Amino acid sequence: MNERELRGLIDRVKLGRMSRRGFVRRMAAVGLTAPLAAQLLAYSGVAMAQSKSTYKPTKRGGGGQLKVLWWQGATLLNPHFAVGTKDQDGSRLFYEPLAAWDPDGNLKPKLAAEIPSRENGGLAADGKSVTWKLKQGVTWHDGKPFTADDVVFNWEYAKDPATAAYTIASYKDVTVEKVDQYTVTVKFQKPTPFWADAFIGARGMLIPKHLFADYIGAKSRDAPTNLKPVGTGPYMFKDFKPGDLVTGVINPNYHQANKPYFDSVEMKGGGDAVSAARAVLQTGEFDFAWNMQVEDEILTRLEKGGKGRVAITPGGNIEFLLFNQTDPWTEVDGERSSLKTKHPTLSDPEVRKAIALLVDNKSIQDHIYGRTGPATRNYLYGPERFASKANPIEFNIDKANDILEKAGWKKGSDGIRAKDGKKLKFVYQTSINQPRQKTQAIIKQAAQKAGIDIELKSVTASVFFSSDVANPDTYTKFYTDLEMYTTTMGQPDPGTHCLQFASWEAASKDNKWQGRNITRWQSPEADKLLRDAEVELDPVKRAAIFIKLNDLAIQNHIVMGIVQRPTVSAKSLQLNADISGWDNNTSDLSDWFKDA
């Protein structure tokens, strides 16, 4: 489909000559996800579809205890510090944003009274502001009213560099003004095509001003409420054992009628993905298990236990390999992987190109992930057909050897290639779980055949994804040469997802390693593309910018995709739980229920 045809279809929807559903089907036929199709319409001034509720219970409570299993246990419960998905999901039991993303990539109100649109006057025609009307009558768990003052405070809290919030990128470049007690306006410095970032989804959870006002800035980590949340959500805090257990009890004053269904919630942490899958699918001990990064053959066998089913939800998450652009072995001003250094061997593009040829994506899909992980080389992707044609999967040991040989990397007596006294010896880290260790082994074996020595490092997941700034083994510090994990695409727009490539987002000591650019890549071309995307209101041109940015990062071998990671969960047969691939697993917890 060319640009002219796409614009014609969008115009037909705007004129009422084609239904939204018909447009989404046409987009799916050429490989675009439903969320991306919805975004194309939204950018063009077509209001988002309203999410249909499947909630059946007619009264609040009565459902007993909901038992869920997160094999990476939450370590803190302040959403502004939640670097890892586990901490975001744990925080979402208690805190809510103004709006959440549904499975189709449409926004649904949470603390907002409605979703802003051109029709209701919420979206400015010039793309420079959005006005939110807040739901009235909402109270925090301690009985205090939720108002516009809380929304403005969250902006002030997150944008302060001294707070060192993970969410700072969503707030630092906007201005938030109180219009009245139940209305706020978010103003942008320039026309902004993707306005649904601040106060939305995973990075939009709101904390109460009256409990955090004394802990803004440098004192942010000292707030008692960091570990004892007081939110507006369906459950009220009961207990928290970091890395182990989060419990909550029903909020009797929850602002949605007849919700929640369950009387209490227990989020158990620890263990591993296989035991978590078994606890739902085979033994029925738990109702839900998160992030089933388990070999597909094992999941299929466990499903035969008859207690549960595997649910696969499309999204934009990606399991990918990162090439450190800085030197993880040299310390500068108390910091390794400093921006003041460059990697001694990975700074050679021919070395990175050779390593990319040693990753057998297809075997990783076929022998490990199966239906839960289609192979891809891209970082930004849609369904299988929505992938840049410029980045085909290629596994070729002979070609890797030839590239290294021509680049002057010669094999020594130990079989390891070296040049100018530097050997191709790398430490490759990831978290502990069986698919990841098997992936590491596949890559290490191929690398040996090309004269590259790889030392494998496996870190306990709760440590690797920890938000603890004193921990040297977190993925954000990246104190190794190579690393691998899944990054989540928490909204159906690539803007935040692609901050992985923004020079101003480099993780460092100065920002307590909260920056999203983990490789520390510094590219003026990538920066320009990101800045261009920030202001490009034309949806077709904006999509092209992100495809070009993806190609730039992949073809320079800064990162490389390994497999797509749709959201894979285990659910009991009785549990009704809609999961969005564009938001937290617990984003719609208020709507979960069990069949009688």
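Keep in mind it's a predicted model, so treat the numbers as computed, not measured. (Residues numbered from 1 in each chain as written. Predicted model: local features only at pLDDT ≥ 70, side-chain atom pairs only at ≥ 80, totals over all residues. Heavy atoms only, no water.)

## What to know about the overall build of the protein chain
So, step 1. Looking only at helices and strands, the protein chain features 17 helices and 22 strands.
So, step 2. In terms of overall size, the protein chain behaves like a compact globule, its C-alpha atoms giving a radius of gyration of 24 Å where 596 residues would be expected to give roughly 25 Å.
So, step 3. The principal-axis extent of the C-alpha atoms belonging to the protein chain is close to 75 × 55 × 50 Å.
So, step 4. Looking at the protein chain residue by residue over its 596 residues, the buried ones come to 60%.
So, step 5. Contacts in the protein chain between residues at least 24 apart in sequence constitute 70% of all its contacts with a sequence separation of at least 6.
So, step 6. Approximately 22700 Å² of the protein chain is accessible, and the part contributed by carbon and sulfur atoms is 49%.
So, step 7. Separation between the mean location of the 79 positive side-chain charges and that of the 70 negative ones in the protein chain comes to 3 Å. (Helix = DSSP H or I, 4+ residues; strand = E, 2+ residues; numbered from the N terminus. Rg over C-alpha atoms; globule rule 2.2 N^0.38 Å. Buried < 20%, exposed > 50% of the residue type's maximum accessible area, 1.4 Å probe, protein only. Contact = heavy atoms within 4.5 Å. Areas by Shrake-Rupley, 256 points an atom, 1.4 Å probe, with all protein chains shown as cover. Lys, Arg positive; Asp, Glu negative; His and termini not counted. Charge placed at Lys NZ, Arg CZ, Asp CG, Glu CD.)

## Some points on the pattern of salt bridges
So, step 1. Taken as a whole and assessed by the stated rule, the structure comprises 29 salt bridges.
So, step 2. Between Arg417 and Glu405 there is a salt bridge whose closest N-O contact spans 2.7 Å. In this pair, Arg417 is assigned in strand E14 (residues 417–419) and Glu405 in helix H12 (residues 397–406), connecting sequence segments 12 residues apart.
So, step 3. Judged by relative accessible area, Arg417 falls into the buried class, the value being 3%. (Salt bridge = Lys/Arg side-chain N within 4 Å of Asp/Glu carboxyl O.)

## Observations concerning the sheet that holds strand E15 (residues 422–423)
So, step 1. Spatially, the 3 strands line up as an open sheet ordered E13-E14-E15, and their pairing is antiparallel. Each edge of the sheet is formed by a strand with only one pairing partner; in this case those strands are strand E13 (410–411) and E15.
So, step 2. When E13 meets E14, the two strands line up antiparallel, connected through 2 bridges. Note that in E14 the partner of Lys410 across the bridge is Ala418. (Pairing = 2+ DSSP bridges.)

## With respect to the packing of helix H11 (residues 361–369) against helix H13 (residues 434–448)
Helix packing geometry: the angle between the two helix axes and the distance between the axes.
So, step 1. For the pair H11 and H13, interaxial distance at closest approach is 11 Å and the crossing angle is 145 degrees. The element H11 and its partner H13 pack so that their crossing is right-handed. Residue-level contacts link Ile364, Ile368 and Tyr369 of H11 to Pro435, Lys438, Thr439 and Ile442 of H13.
So, step 2. Of the residues belonging to the contact of H11 with H13, the class tally is 5 nonpolar, 1 polar and 1 charged. (Axes fitted to C-alpha atoms, helices over the stretch in contact; angles between N-to-C directions. Left-handed = near helix turned anticlockwise from the far one by under 90°. Nonpolar A, V, L, I, M, F, W, Y, C, P; charged D, E, K, R; others polar.)

## Quick notes on the nonpolar core
So, step 1. Core analysis: the largest hydrophobic core is formed by 116 residues, its most contacted members being Leu98, Trp132, Phe199 and Trp592.
So, step 2. When residues in this core are grouped by element, the largest group, 7 residues, is from helix H8 (residues 273–281).
So, step 3. With near-sequence residues (within four places) excluded, Trp132 lies in contact with Leu98, Ala99, Ala112, Glu114, Ile115, Pro116, Tyr182, Thr183, Val184, Val186, Trp195 and Ile200.
So, step 4. Counting residues in hydrophobic clusters, the runner-up holds 33 residues, among them Leu346, Val359, Tyr369 and Ile562. (Core = buried A, V, L, I, M, F, W, Y, C linked by side-chain atoms within 4.5 Å.)

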